[in-house]
Amino acid sequence: MFSRRFDMGVKIGGAVLGASVLCVFLVIFFGVRNTVADVGYRPEQPVPFSHKLHAGQLNISCQYCHAGVENSAHSPVPTTQTCMNCHTAVLPESPKLQLVRDSYEKGTPIEWIRIHKVPDYAHFNHSRHIRAQIDCKSCHGPVEEMGVVSQFKPLSMGWCLDCHRNPEANIVGARPISGVFTGQMHKVKDLLDSTYLYKPIPAQVAAASDLKDMVTPSFGQKQSPLPKYHVDGIPHPKKAGIGPENCSACHY
Amino acid sequence: MNATNRIARLFWIALAAAFAGFVVMVLSGNITWFSTARPLEFLNNMDHQFKAIPQSGNTFFADRASVRTAVEGTVARGQQVYPLGQGDIDKAETANVNPGVPRTDFVLARGQNRFNVFCSACHGYDAHSNPPMVRRQRWLGIPDLTRPQTAALSDARIYHIISAGQNLMPSYADKITPVDRWAIIYYLRTLQGVQGVASNAPASTQQVQ
């Protein structure tokens, strides 16, 4: 019916269309999968716990509950004991806290549903980043405004590398509410103004004479002087360790 | 039927397929904009390996906890146990001796940081015990730490209160390292505006130390 040449044209057209659909699929699959599929993940938790109430309104510091991020790879989700520090006295009868009380009495952990997770073949270490005075907000978003925590960043390899190559543009400086230690004193008057609590404070390098102190009463008693190279007070990842673009920094 | 039509038809079919795929994704709860379900994982190569990861379930143990509780009578490496109970106030005065943490600006800043993290929720940033929780009338009767009575407590006694707790105040021995506890005490003294005494124990017992 059609000329051969025309038929050929249609076949090639079809192939090109197919190939481009495949390309689009691959780009979506490998490029934006994390962004589309993971960002915004907000499972319903067994206890209706609200960060907006506890961190945002009651001004409880992130590290009060997630204590130990300074020293360990993982940021601990609080034990039941931490909740009961207050909830033995605060709202001891609340039905919303029934599960917490049961867990406390029986000694079984509350099974919080995990939100942020990098695959098991990649290793992320919190302490390295917290000691570099990077605020939680850089990676977790404004958690203190979230009623239910939702994943804010893709946690893809590209995202890690974007910051390692260009930290200036991606880092939110430490804020008092996160409890990230900067070696800097705040004025108590400022702290009582709750807008100050949520503002990034300019990162500061401890004075040369103070660097020695850090070795004795250091973070969690680990010998750790402040890293030497700084971008506005934040150690530059390009100068750190084995280099943050080295595959074996994260895959080992 | 001409070729342009055919290409157009192919185009519409592809578009319809993409749309149908999108609808299926939404309905099956795989797009987090619309659902709270766990995101779908295609080809999860080695995402989930059979190894113990902190804070995750582990099918290897009957109780599914990957973090094991210590065997009775043992202590983890580096872990420091506070030996006194809440009631041992007399012993605390002699037992808690500052190991010589220097009182520099840097240590004070660390003390402020730890105070703001662990104490301010109940005692406020200024130690007047008037944080939002108290202003919202959720917990009343937390003592103002700047009152003379509290300022008169010795360093050793405050160290004891942080480590073992006092009545409704919980113990923070597992969360604050001993050095950080001394840093907190230095900082608390600046808020109280007093010098502080190391210990209130009778002189004779102090000599024994």
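Residues numbered from 1 in each chain as written. Chains lettered and ligands numbered in written order. Predicted model: local features only at pLDDT ≥ 70, side-chain atom pairs only at ≥ 80, totals over all residues. Heavy atoms only, no water.

**Observations concerning the packing of helix H3 (residues 105–118) of chain B against helix H8 (residues 178–192) of chain B**
All names here are of chain B. With their axes 7 Å apart at the nearest point, H3 and H8 run at an angle of 90° to one another. Of the possible angle classes, the one that applies to H3 and H8 is roughly perpendicular. Touching Val107, Leu108, Arg110, Gly111, Gln112, Arg114 and Phe115 of H3 are Asp180, Ala183, Ile184, Tyr186, Tyr187, Leu188, Thr190 and Leu191, all from H8. For the contact of H3 with H8, the class distribution of residues is nine nonpolar, three polar and three charged. (Axes fitted to C-alpha atoms, helices over the stretch in contact; angles between N-to-C directions. Helix = DSSP H or I, 4+ residues; strand = E, 2+ residues; numbered from the N terminus. Parallel < 35°, antiparallel > 145°, perpendicular 65-115°, else oblique. Contact = heavy atoms within 4.5 Å. Nonpolar A, V, L, I, M, F, W, Y, C, P; charged D, E, K, R; others polar.)

**Side note on the interface of chain A and chain B**
The interface of chain A with chain B comprises 66 residues on the first partner and 57 residues on the second. Scanning the region where chain A abuts chain B turns up two salt bridges. Residue B:Arg114 is joined to A:Glu70 by a salt bridge in which the shortest nitrogen-to-oxygen separation is 3.1 Å. There are 11 residue pairs in polar contact (both at pLDDT 80 or more) connecting chain A and chain B. At the level of elements, helix H1 (4–31), helix H2 (33–38), helix H3 (51–57), helix H4 (62–65), helix H5 (80–87), helix H11 (188–191) and helix H13 (211–215) of chain A are the ones that each hand at least two residues to the side of chain A that touches chain B. Examining the composition of the side of chain A that touches chain B, we find that six residues originate from one element, H1(A), more than from any other. Residues belonging to the side of chain A that touches chain B are distributed by class as follows: 36 nonpolar, 19 polar and 11 charged. (Salt bridge = Lys/Arg side-chain N within 4 Å of Asp/Glu carboxyl O. Polar contact = N/O pair within 3.5 Å; in protein donor to acceptor, adjacent residues only side chain to side chain.)

**Remarks on the environment of B:Arg147**
Assignment of secondary structure puts B:Arg147 in the loop between helix H5 (132–135) and helix H6 (148–151). Here the alpha-carbon distance between B:Arg147 and B:His128, two residues 19 residues apart in the chain, equals 8.3 Å.

**Considering the side chain of A:Ser61**
Mapped onto the secondary structure, A:Ser61 falls in the loop between H3 and H4. Excluding its chain neighbours within four sequence positions, the residues that come into contact with A:Ser61 are A:Ile177, A:Ser178, A:Gly179, B:Asn116 and B:Val117.

**Some remarks on the packing of aromatic side chains**
What the rule picks out here adds up to nine aromatic pairs over all chains. Ring centres 6.2 Å apart and planes at 45° place the aromatic pair A:Tyr64 and B:Phe118 in the tilted group. Of this pair, A:Tyr64 sits in helix H4 while B:Phe118 is found in helix H3, placing the two residues in two different chains. Where B:Phe118 meets B:Tyr172, the ring centres are 6.1 Å apart and the plane angle is 55°; that geometry is what we call tilted. Highlighted residues: B:Phe118 in helix H3 and B:Tyr172 in the loop between helix H7 (155–164) and H8, separated in sequence by 54 residues. For B:Phe118, a relative accessible area of 4% translates into the label buried. (Phe/Tyr/Trp six-rings, centres within 6.5 Å; stacked < 30°, edge-to-face > 60°. Buried < 20%, exposed > 50% of the residue type's maximum accessible area, 1.4 Å probe, protein only.)

**Notes on the packing of H7(B) against H8(B)**
Packed helices, taken two at a time, are described by their axes: the angle between them and the distance between them. Residue and element names in this part refer to chain B. Interhelical geometry of H7 versus H8 gives an angle of 125° and a closest axis separation of 10 Å. The angle between H7 and H8 falls in the class oblique. Note that H7 runs across H8; the crossing there is right-handed. For the pair formed by H7 and H8, the contact residues are Asp155, Ile158, Tyr159, Ile162 and Ser163 on the first element and Pro178, Arg181, Trp182, Ile184, Ile185, Leu188 and Arg189 on the second. Split by residue class, the contact of H7 with H8 holds eight nonpolar, one polar and three charged. (Left-handed = near helix turned anticlockwise from the far one by under 90°.)

**Focus: the state of the cysteines**
Per the counting criterion, the structure on display carries zero disulfides over all chains. Of all cysteine sulfurs in the structure, the one in A:Cys65 sits closest to A:Cys83, which takes part in no disulfide; the separation is 6.7 Å. For the unlinked cysteine B:Cys119, the closest cysteine sulfur is that of B:Cys122, found at 8.7 Å. (Disulfide = S-S within 2.5 Å.)

**So, the nonpolar core**
B:Tyr82, B:Phe115, B:Phe118, B:Met133, B:Trp139 and B:Ile162 are the most contacted members of the largest nonpolar core, which has 42 residues in total. Among the elements that make up this core, the one with the highest residue count is H8(B) (nine residues). With residues up to four places along the chain from it excluded, the contact list for B:Ile162 reads B:Met169, B:Ser171, B:Tyr172, B:Ala173, B:Ile176, B:Arg181, B:Ile184 and B:Ile185. Counting seven residues, the second largest nonpolar core, distinct from the first, contains A:Ile177, A:Leu191, A:Tyr196 and B:Tyr125. (Core = buried A, V, L, I, M, F, W, Y, C linked by side-chain atoms within 4.5 Å.)

**Some points on the pattern of salt bridges**
Scanning the model with the defined rule gives seven salt bridges over all chains in all. The residue B:Asp155 makes a salt bridge to B:Arg189 at a minimum N-O spacing of 2.9 Å. Of the two residues, B:Asp155 sits in helix H7 while B:Arg189 sits in helix H8, which places them 34 residues apart along the sequence. Neither residue differs from the other here; B:Asp155 and B:Arg189 are each classed as buried. Connected through shared salt-bridge partners, A:Glu70, B:Arg110, B:Arg114 and B:Asp180 make up one network.

**A short note on the confidence of the model for chain A**
Summarising the model, chain A shows a mean pLDDT of 78, and 77% of its residues fall at 70 or more. Across residues 206–226 of chain A, confidence stays below pLDDT 50; counting only partners more than four residues off in sequence or on other chains, it has 35 contacts. (pLDDT = per-residue confidence, 0-100.)

**Some remarks on a nonpolar patch on the surface**
All names here are of chain A. Judged by side-chain polarity, Met8, Ile12 and Val16 come together as a nonpolar surface patch covering roughly 290 Å² of accessible area. Positionally, methionine 8 belongs in helix H1. Take methionine 8: its relative accessible area is 48%, and that puts it in the partly exposed class. (Patch = residues over 30% accessible without salt bridge, like charges linked within 9 Å, V, L, I, M, F, W, Y side chains within 5 Å. Areas by Shrake-Rupley, 256 points an atom, 1.4 Å probe, with all protein chains shown as cover.)

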